[in-house]
Amino acid sequence: MAKEELITFEGEVTEILPDARFRVRLESGHEIVAYTAGKMKKNRIKTLAGDHVTVEMSPYDLDKGRLIFRHKDSGSGGPRPAARRPQFRRR
């Protein structure tokens, strides 16, 4: 049996929930709970409240989804500066 075709939607992260889940408001106004896809975890892509994302959903359960892409905003200003580590002398 073939895998059912997944549906993709655009939305905005409204709230960060425990266990790496997010509350996302879709463009249609519907709110769902979504988790981060494995490739986003592997590449350490951080998602914050207010980010514009693409969500993939199964046609069987339209209350849950998977974040598959975080869109870059024009006002983001590029990559975040890395935190400076204190310099220690090794003896």
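Scroll up a little and you will see the structure.
Predicted model only: the values in this text are computed from it and were never measured.

**What about a nonpolar patch on the surface?**
A cluster of nonpolar residues, Ile7, Phe9 and Leu62, forms a patch on the protein surface that exposes about 210 Å² of accessible area. Tracing the backbone shows Phe9 in strand β1 (residues 7-17). Using a relative accessible area of 30% as the deciding quantity, one classes Phe9 as partly exposed.

**Observations concerning the pairing of strand β5 (residues 64-70)**
In this sheet, β5 lies alongside strand β3 (residues 31-36) in parallel orientation, the contact comprising four bridges. Within β5, the position partnered with Thr36 by the bridge is Leu67. Two successive antiparallel strands, strand β4 (residues 52-57) and β5, enclose a turn made up of six residues.

**A short note on the nonpolar core**
Counting 11 residues, the largest nonpolar core is built from Val13, Phe22, Val24, Leu26, Ile32, Ala34, Met40, Val53, Val55, Met57 and Leu67. Residue assignment for this core shows that the elements contributing at least two residues are β2 (21-26), β3 and β4. Setting aside residues no more than four positions away along its own chain, Val55 makes contact with Ile7, Thr8, Phe9, Val24, Leu26, Ile32, Gly65, Arg66 and Leu67.

Reading the values: rules and limits
Residues numbered from 1 in each chain as written. Predicted model: local features only at pLDDT ≥ 70, side-chain atom pairs only at ≥ 80, totals over all residues. Heavy atoms only, no water. Patch = residues over 30% accessible without salt bridge, like charges linked within 9 Å, V, L, I, M, F, W, Y side chains within 5 Å. Areas by Shrake-Rupley, 256 points an atom, 1.4 Å probe, with all protein chains shown as cover. Salt bridge = Lys/Arg side-chain N within 4 Å of Asp/Glu carboxyl O. Helix = DSSP H or I, 4+ residues; strand = E, 2+ residues; numbered from the N terminus. Buried < 20%, exposed > 50% of the residue type's maximum accessible area, 1.4 Å probe, protein only. Pairing = 2+ DSSP bridges. Core = buried A, V, L, I, M, F, W, Y, C linked by side-chain atoms within 4.5 Å. Contact = heavy atoms within 4.5 Å.

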